[in-house]
Amino acid sequence: MSGGEAIRGCVLVVGAGGIAAPAALALAAAGVRELRVADDDQVELTNLHRQILFDGDDVGRPKLDAFAEALRSRFPGLRVDRRYGRFTPSAAAGLMPGVSLVVDATDNFASRFLIADVCRLTRTPVVHAAAIRWRATVMAVAGEGAPCYRCLFEDLPTGDAPDCATAGVAGPVCGVAGAIAADRALAILAGDASIFGRIATYDGLTDTLRSVPVSARPACDLCGSRAAIATIDASRYVVACAAASGSSTPAEKDREGGSPTHVEGDREGGSPTHVEGDREGGSPTHVEGDREGGSPTHVDAENDRESGSSTHLKTGEQDHG
């Protein structure tokens, strides 16, 4: 694909950090004209060696603002839909409608598993991209999975899991991860299914890039023949080690009331998928879309019952790298 022709479809990029920046640049240069970006963090001085859309003047600013301005200065025709907040069970209701595919550029397992589950239940293709130390990994997953993220990594780790904050990451490795993620995303938008079912791994110390097939697991809880995950319950994404350390969890018990958000879909019949959540006692929010039929996705978003303003995303770190 070249940048001379506009590419239809909205790409949701979760995170606005070290992987998201090169991915967004490549997508926009190739002709993608609509990005929806979710992040709630601010630019820090320690980010600058790998988050290539920011400079010293951006330190302290919301990443979304600096991210969007930097992209639009390079690509005036690009629409950047800024969503201030993290990808949570309830936020999915406002983030997923109209999205053609998702680029997962987060930095924690809880968010990755949540994104994987929501994308499977809404039949949305997703590209998972990660980078830590000198290694990058990228996996593209079809809307129906088989294989999916849970076929490879069955569930959240129960012990300490290193991330960029604790283990560090080489800046160029984030760039490689973002470039591969954009390549996979563009292939999906072009209708190329050959990139599904493989995971790309880059080792920066040996300068080696490998692409390895991933097999679907018949017993996978998300995309197997007897899949058990049919709803999104925030408690599923609570990391045991976070509870032990007393720190907050990446994917939270979203909402003060603690009521779960549900993502429901008819796996066999292909009927619309719903994302439902109790907005503080109000009626559910729905995200609907028939992915197989090709009809557009619609959102029936609840407004704040008190003030009438739109429902906002919950906050939390959503940067990768």
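As a reminder, the structure under discussion sits directly above these lines.
Our subject in this report is the structure included herewith. Here the structure is a predicted model, which is why all the values come from computation and not from measurement.

1. Considerations on the overall build of the protein
So, point 1. Within the protein, the secondary structure is distributed over 8 helices and 12 strands.
So, point 2. Going through the 321 residues of the protein one by one, you find that 51% of them count as buried.
So, point 3. Taking contacts inside the protein between residues at least 6 apart in sequence as the whole, the part at least 24 apart equals 66%.
So, point 4. When the accessible surface of the protein is summed, it comes to about 14000 Å², and 49% of that surface belongs to carbon and sulfur atoms.

2. As for the environment of A200
So, point 1. Secondary-structure assignment places A200 in strand β7 (residues 198-203).
So, point 2. In contact with A200, other than residues within four places in its own chain, are A136, T137, V138, I180, R184, L209, R210 and S211.

3. What about the packing of aromatic side chains?
So, point 1. Taken as a whole, this structure holds 2 aromatic pairs when the rule is applied.
So, point 2. On the numbers, 5.0 Å between centres and 75° between planes, the contact of F113 with Y149 is edge-to-face. Taken together, the positions of F113 in helix α4 (residues 109-121) and Y149 in helix α5 (residues 149-152) put the pair 36 residues apart, joining distant regions of the chain. Across the pair, exposure class does not vary: F113 and Y149 are buried alike.
So, point 3. Considering the side-chain rings of Y149 and F153, the 5.1 Å spacing of their centres and the 45° angle between planes classify their relative orientation as tilted.
So, point 4. Overall, F153 belongs to the partly exposed group, its relative accessible area being 34%.
So, point 5. The ring of F109 is capped by R112, whose NZ or CZ atom sits 5.1 Å from the centre of that ring.

4. Describing the pattern of salt bridges
So, point 1. Under the definition given, this model contains 11 salt bridges.
So, point 2. For the salt bridge of D58 with R61, the shortest nitrogen-to-oxygen distance reads 3.0 Å.
So, point 3. Under the relative-accessibility criterion, D58 is labelled buried at 9%.
So, point 4. Residue D183 is joined to R184 by a salt bridge in which the shortest nitrogen-to-oxygen separation is 2.6 Å.
So, point 5. Judged by relative accessible area, which is 42%, D183 ranks as partly exposed.
So, point 6. Through salt bridges with shared partners, a single ionic network connects R36, D81 and R83.

5. Some remarks on the sheet that holds strand β8 (residues 208-213)
So, point 1. Here we have 8 strands laid out as an open sheet, ordered β3-β2-β1-β4-β5-β6-β7-β8, and mixed in their pairing. On the outer flanks of this sheet lie β3 (79-84) and β8, each paired with one strand and no other. Each adjacent strand pair in this sheet contributes to an overall mean axis angle of 15°, direction not counted.
So, point 2. Relative to strand β5 (residues 126-132), strand β4 (residues 99-104) runs parallel, the two being bridged by 3 bridges. Bridging from a neighbouring strand, D104 pairs with H128 of β5.
So, point 3. Strand contacts of α4: β1 (10-14), β4 and β5, with the helix running at about 170° to β5, the strand carrying the most contacts.

6. Looking at α4
So, point 1. With 13 residues, α4 extends 18 Å between its outermost C-alpha atoms, agreeing within 8% with the 18 Å of an ideal straight helix rising 1.5 Å per residue.
So, point 2. Within the sequence span of α4, burial applies to A110, S111, R112, F113, L114, I115, A116, D117, V118, C119, R120 and L121.

7. Observations concerning the environment of D40
So, point 1. Within the secondary structure, D40 is located in the loop between β2 (34-39) and α2 (63-74).
So, point 2. Along the chain, D40 and K63 lie 23 residues apart, while their C-alpha atoms are 7.2 Å from each other.

The rules behind the values
- Residues numbered from 1 in each chain as written.
- Predicted model: local features only at pLDDT ≥ 70, side-chain atom pairs only at ≥ 80, totals over all residues.
- Heavy atoms only, no water.
- Helix = DSSP H or I, 4+ residues; strand = E, 2+ residues; numbered from the N terminus.
- Buried < 20%, exposed > 50% of the residue type's maximum accessible area, 1.4 Å probe, protein only.
- Contact = heavy atoms within 4.5 Å.
- Areas by Shrake-Rupley, 256 points an atom, 1.4 Å probe, with all protein chains shown as cover.
- Phe/Tyr/Trp six-rings, centres within 6.5 Å; stacked < 30°, edge-to-face > 60°.
- Lys NZ or Arg CZ within 6 Å of the ring centre and 35° of its normal.
- Salt bridge = Lys/Arg side-chain N within 4 Å of Asp/Glu carboxyl O.
- Pairing = 2+ DSSP bridges.
- Axes fitted to C-alpha atoms, helices over the stretch in contact; angles between N-to-C directions.
- Expected span 1.5 Å × (residues − 1).

The values are spatial; any link to function lies outside them.
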